[in-house]
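Overview (structure and organization)
Now for the letters of each chain:
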Amino acid sequence: MKAGFIGLGTMGAGMAANLQKGIQKDGHTVLVHDVRREAAASHIRNGAVWADSPAAMAETCDIIFSSLPGPVEFDAVSYDKAGLLATIRPGTAYFDLTTNAPSTVRKAHADYAAKGAFLFDAPVSGGPKGAASGKLAIWCGGDRDVFDRWKPVLDTIGDQAKHIGPIGAGSVAKLVHNCYGYIATAAAAEVFSMGVKAGIEPLAIWEAVRQGAIGRRGAFDSLTDQFLPNTYEPPAFALRLAHKDVSLATALGREMNVPMRLANLALADLSEGLNRGWGNRDSRAMMVLQTERAGVEVEVDPQRLTEALENKAKNG
């Protein structure tokens, strides 16, 4: 087998090195390419073969990976005169590990399919440390059977490779993950600034929150209680009480002259929930307002949810 890796930057360098460790010992070959040849120096020292271009790589590789800054670079690797599509062979699997636009990979998927090749959007999560250690989630969108065939190779790069759905699904999952993270970051800055301006030392705030319900359990874990099954009664914590708490927090923000943009958005939805008569429902009923605005319904079958939780407990 010949495997190719394009893009040896902050993330790609570690992933390509792990690919080498994982398959070269069994006699397989790894080809590497980057816009800067010097980025491949350590990989070449460890047995990788330099490819002069993506097209040169595609001529011989059975599976190709790329880790690129974004859609512009992905298009260049795919569509340039010396790009992958110029020479890619039927049956080749191409896993793009870039955080990409779903529309970009869906368009490219059709172009690769016309060549008989299989494109996957396969963004990763775990940061540079995870890329180096192999503790990395890889969220793949594309053909399930082809994914299963190549999963042992994916496992050399990351310990949590998962098929998410059809092409584009991996990118959507990554954008949900990253956007949620940065919204949470903005919210943390908002409430910390309120607490500090109210006279509390930052480490004391952090330690207090870590001891509470939010700190003891990951925010996404709690979605399995009410939001995913779409069940808000009986309440774990009533919406009317959440409204009272956020009202007190925003009042403190006004008293301290601290902007509380996100908190006031949350308070507006909690107020709407009260006006709908949801005061005694669980506080997460406010999430229904957003799904209504988006024109979607979120409701997971309880059996599937149980199986997912059991799988999480088993695999961590």
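For the structure itself, consult the block above.
Overview of the structure. Treat the numbers as computed from the prediction; the structure is a model and nothing was measured. (Residues numbered from 1 in each chain as written. Predicted model: local features only at pLDDT ≥ 70, side-chain atom pairs only at ≥ 80, totals over all residues. Heavy atoms only, no water.)

A word on the pairing of strand β9 (residues 160-165). In this structure, strand β8 (residues 137-141) lies alongside β9, joined through 5 bridges in parallel fashion. Among the inter-strand pairings, Ile-138 is bridged to a residue of β9, identified as Ala-161. Once the chain exits β8 it traverses helix α7 (residues 144-157) before rejoining the sheet at β9, and the crossover so formed is right-handed. (Pairing = 2+ DSSP bridges. Helix = DSSP H or I, 4+ residues; strand = E, 2+ residues; numbered from the N terminus. Right-handed = clockwise from strand over helix to strand, strands pointing away.)

This paragraph deals with the side chain of Thr-156. Locating Thr-156 in the fold gives a position in helix α7. At a separation of 2.6 Å, a polar atom in the side chain of Thr-156 contacts the main-chain carbonyl oxygen of Val-153. With sequence-adjacent residues up to four places away left out, Thr-156 is seen in contact with Asn-18, Leu-19, Gly-22 and Ile-23. (Polar contact = N/O pair within 3.5 Å; in protein donor to acceptor, adjacent residues only side chain to side chain. Contact = heavy atoms within 4.5 Å.)

Attention shifts here to helix α4 (residues 71-79). For α4, the complete set of buried residues consists of Phe-74, Val-77 and Ser-78. Projected onto a plane normal to the axis of α4, the buried residues spread over an arc of 95° and lie on a single side. The inward-facing, buried residues of α4 abut β1 (2-6), α3 (54-58), β5 (93-96), α5 (102-114) and β6 (118-121). (Buried < 20%, exposed > 50% of the residue type's maximum accessible area, 1.4 Å probe, protein only. Arc of directions from axis to C-beta.)

This paragraph deals with unusual backbone geometry. The omega angle of the peptide bond from Glu-233 to Pro-234 is 0°, so this bond is cis rather than trans. Considering the arrangement of structural elements, one finds Pro-234 in the loop between α10 (213-216) and α11 (239-256). With a phi close to 60°, Asn-230 is a non-glycine residue in the positive phi region. Mapped onto the fold, Asn-230 is located in the loop between α10 and α11. In this structure Asn-230 comes out as partly exposed when scored by relative accessible area, which is 31%. Non-glycine residue Asn-257 carries a positive phi angle of around 60°.

Bringing the side chain of Ser-78 into the picture now. Along the chain, the position of Ser-78 falls in helix α4. Among the residues examined, Ser-78 registers a relative accessible area of 1% and is labelled buried. Of the polar contacts made by the side chain of Ser-78, one reaches the side chain of Tyr-112; its length is 2.7 Å. Apart from residues lying up to four places away in sequence, Ser-78 is in contact with Gly-83, Leu-84, Leu-85, Tyr-94 and Tyr-112.

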